[in-house]
Amino acid sequence: MAVDSFAALRDKMVTEQIERRGVSDPRLLEALRTVMRHMFVPDDLQSMAYDDCPLAIGSGQTISQPYIVALMTHLLHLQGGENVLEIGTGSGYQAAVLSRLARTVHTVERFAPLASRARQKLHALHYDNVVVHTHDGSLGWPEAAPYQGILVTAAAPGPPPPLLAQLAEGGRLVLPVGGRSGQTLQVWQRHGDNYADEDIIYVQFVPLRGAHGWSQAHWD
Ligand code: SAH
């Protein structure tokens, strides 16, 4: 498919799936119109990259539905100067979108093959303000903390304490909380040593693993 056709599909995706569902932040819509989602999915799924659904990206993982990427990004309220952390790099697509809206993005992936593929892709496409780390992201990435925004793209049993601790004052943590049968997308905002939390919508994600994630036995 020609680059122009992908651009047309991207425009349609933004209008029909994102704007129509009420996301209206112009900077975010522009980022979604620019980032080439089809470059982040396996070759044989490129023609479906702008469809209204999640897609398999290998290693049993998925790239989220475009609307969910938009909604989670919107909930961070980014202005452009932030240091942001993403847990669950996967394909690298969400990190690429964040990189258009914040100053720096640290993204952590536990699967080395996914991390290295995403790293190469983000480098080739010149997303130079994204750093990919291979690590247990349920521990966050303390080296670059504090973060004005933290996004977790895998289902957690609850907000991991290290992530709450690595939030800057006023910073926001956006994550799906719940188990295999479904989760609630939550926002946790830091006010000193207190955190205000809010439930947004019902979602379905793959599990967060690691020290503050789901063990195989508890998820199944
Ligand atoms: N944001 C991704 C989609 C993520 S799918 C994208 O835009 O494509 C969820 C990802 O979380 C998977 O790649 C999975 O390997 C990763 N993951 C699960 N537990 C993790 C952990 N403890 N630390 C880091 N990554 C984790």
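The structure we're discussing is the one just above.
Here's what I pulled together on the structure shown here. (Residues numbered from 1 in each chain as written. Predicted model: local features only at pLDDT ≥ 70, side-chain atom pairs only at ≥ 80, totals over all residues. Heavy atoms only, no water.)

**Re the sheet that holds strand β6 (residues 147-152)**
- Strand order in the open sheet formed by seven strands is β5-β4-β3-β6-β7-β8-β9, and the pairing between neighbours is mixed. For this open sheet the edge positions go to β5 (130-134) and β9 (194-203), each flanked by a neighbour on one side alone. Averaged over neighbouring strand pairs, the angle between their axes works out to 15° when direction is ignored.
- The sheet contact formed by β6 and strand β7 (residues 167-179) spans four bridges and is parallel. (Pairing = 2+ DSSP bridges. Helix = DSSP H or I, 4+ residues; strand = E, 2+ residues; numbered from the N terminus. Axes fitted to C-alpha atoms, helices over the stretch in contact; angles between N-to-C directions.)

**Considering the side chain of glutamine 166**
- For glutamine 166, the position within the fold is in the loop between α6 (161-165) and β7.
- Classification of glutamine 166 as buried rests on a relative accessible area of 8%.
- Only 3.0 Å separates the side chain of glutamine 166 from the backbone oxygen of leucine 139, close enough to count as a polar contact.
- When residues no more than four places from it in sequence are discounted, the contact partners of glutamine 166 are Leu85, Leu139, Gly140, Trp141, Pro142, Ala145, Pro146, Tyr147 and Ile150. (Buried < 20%, exposed > 50% of the residue type's maximum accessible area, 1.4 Å probe, protein only. Polar contact = N/O pair within 3.5 Å; in protein donor to acceptor, adjacent residues only side chain to side chain. Contact = heavy atoms within 4.5 Å.)

**Concerning the nonpolar core**
- With 50 residues, the main nonpolar core has Leu32, Phe40, Tyr93, Val97 and Val174 as its most contacted residues.
- Secondary structure elements with two or more residues in this core: α1 (3-18), α2 (26-34), β1 (55-58), α3 (66-74), α4 (93-99), α5 (112-124), β5 and β8 (182-191).
- If one sorts the elements of this core by residue count, α3 sits on top with six residues.
- Those residues within four positions of leucine 32 in sequence are excluded, and the remaining contacts are Arg10, Met13, Val14, Ile18, Ala70, Tyr93 and Val97. (Core = buried A, V, L, I, M, F, W, Y, C linked by side-chain atoms within 4.5 Å.)

**Here we look at the pattern of salt bridges**
- A complete count under the given rule lists five salt bridges for this structure.
- The closest approach of N and O atoms between arginine 21 and aspartate 52, which form a salt bridge, is 2.6 Å. Note that arginine 21 is positioned in the loop between α1 and α2 and aspartate 52 in the loop between α2 and β1, a separation of 31 residues in sequence.
- With its nearest N and O atoms 3.8 Å apart, the salt bridge here joins arginine 190 to aspartate 193.
- What makes arginine 190 buried here is its relative accessible area of 16%.
- Linked through salt bridges whose partners overlap, the residues forming this network are Asp11, Glu19 and Arg33. (Salt bridge = Lys/Arg side-chain N within 4 Å of Asp/Glu carboxyl O.)

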